[in-house]
Amino acid sequence: MTTFLVIVLLIAGFFVGMNLWTRRLTRQGLDRVPKLGQIVPVQGGSIHYVEKGDPSNQSIVMIHGLAGQLQHFTYAIMDLLADDYHVIAVDRPGCGYSTRDAADLGQLPAQARMIQEFLDTKGITNAVLVGHSLGGAVSLAMALDHPGKTKALALLAPLTQKLPETPQVFKPLEIRTEWLRGFIGNTIAVPISAKTAPHALSAVFDPEQPPEDFLDRAGGALGLRPSAFITASQDVVGVDVSIAAQVARYGDLSVHGGILYGAQDAILSPSANGDPMTRFGLSNEKIEGLGHMIPITAPDACAAFIRRMAEHAGSPPNSATKTV
């Protein structure tokens, strides 16, 4: 009995220690990456956003990917576009400094509804949507559900199809029980993420190298929080259960635009996710030598692509795949 009690106390002490370590890393992350913008309440949570440029210009709305935050766009792309456009970058619901109240709000229609509600509050009714990775799937959901409020799509390495399996680097997020997400998120997830961050970043940026300032300037330190782990896990599961229904609706897509991929993307297959979308009116471009994180590694190319999509909105696209 005494041995059993000692074991229980050791296990309890371990998890208490992990929780204290998690709290310290969380405070450090918030200090390193402070809130940049404003927060607008929406049904089911709130949206944190930053904006630059003249509001009388065409609005471009940027939506980041899995386990990301709006700093993926403030890193460089926003400044490249703000002189000519009204540019808004959002933290997806539950990410960065945005919030969401329930796990099922990780499903694509719910995220699309929350961001569109935010845009309605801002009086933006003709947005050019720039979605990176999972943000591309959310952008497509918005274009399907609100075609009259979406002027064009400029999708960067987007998720468009149901994946055969979760990418290996995101496998630890594949947790379908909410209490277990919370327990792991508040104990071991953040310390493990802190220790394995170099490996994870290398996998996400492959074949390119992550910038040395990623944790600060690109907001990566915000991922060292329980809420970041929990939200990302909810996203993985929410997208998995909702994307098949979205794929079935692509024939109804009426918003023009295009897709830009790094040809060597190691996270999402350019051929599996980009090529099929030409059937639904989206152009498809690939840049040789680049990987998944093109908003950070190739901001000039991304900004030029976004400009083309914004300027040719409503024109019939050249749907052929092009590699440059």
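Since the model is a prediction, treat every value here as computed from it, not as a measurement.

Calculation criteria
- Residues numbered from 1 in each chain as written.
- Predicted model: local features only at pLDDT ≥ 70, side-chain atom pairs only at ≥ 80, totals over all residues.
- Heavy atoms only, no water.
- Pairing = 2+ DSSP bridges.
- Helix = DSSP H or I, 4+ residues; strand = E, 2+ residues; numbered from the N terminus.
- Phe/Tyr/Trp six-rings, centres within 6.5 Å; stacked < 30°, edge-to-face > 60°.
- Buried < 20%, exposed > 50% of the residue type's maximum accessible area, 1.4 Å probe, protein only.
- Core = buried A, V, L, I, M, F, W, Y, C linked by side-chain atoms within 4.5 Å.

A. Here's a closer look at the pairing of strand β1 (residues 38-42). The sheet contact formed by β1 and strand β2 (residues 45-52) spans 5 bridges and is antiparallel. Bridge pairing in β2 links Val 40 to Ile 47. The turn joining β1 and β2, which pair antiparallel and follow one another in sequence, is formed by 2 residues; a positive phi near 95 degrees is taken by Gly 44.

B. Spatial organisation of the packing of aromatic side chains. Taken as a whole and assessed by the stated rule, the structure comprises 3 aromatic pairs. An angle of 50 degrees between the planes, with centres 4.9 Å apart, marks the rings of Tyr 49 and Phe 118 as tilted. Taken together, the positions of Tyr 49 in strand β2 and Phe 118 in helix α4 (residues 108-122) put the pair 69 residues apart, joining distant regions of the chain. Take Tyr 49 and Phe 118: they sit in the same class, and that class is buried. Measuring from ring centre to ring centre gives 5.7 Å for Tyr 250 and Phe 280, while their planes differ by 55 degrees; the resulting arrangement is tilted. Placement of Tyr 250 in the loop between α9 (226-247) and β8 (257-262) and of Phe 280 in the loop between α10 (270-273) and β9 (282-287) is noted, with a sequence separation of 30 residues between them. Look at Tyr 250 and you get buried, because its relative accessible area is 1%.

C. View of the nonpolar core. Val 90, Phe 118, Leu 140, Met 142, Leu 153 and Leu 282 are the most contacted members of the largest nonpolar core, which has 61 residues in total. For this core, the element with the most residues is helix α5 (residues 134-145), which contributes 8 residues. Listed in part, the 27 residues of the second largest apolar core include Ala 89, Leu 156, Ile 294 and Ile 306.

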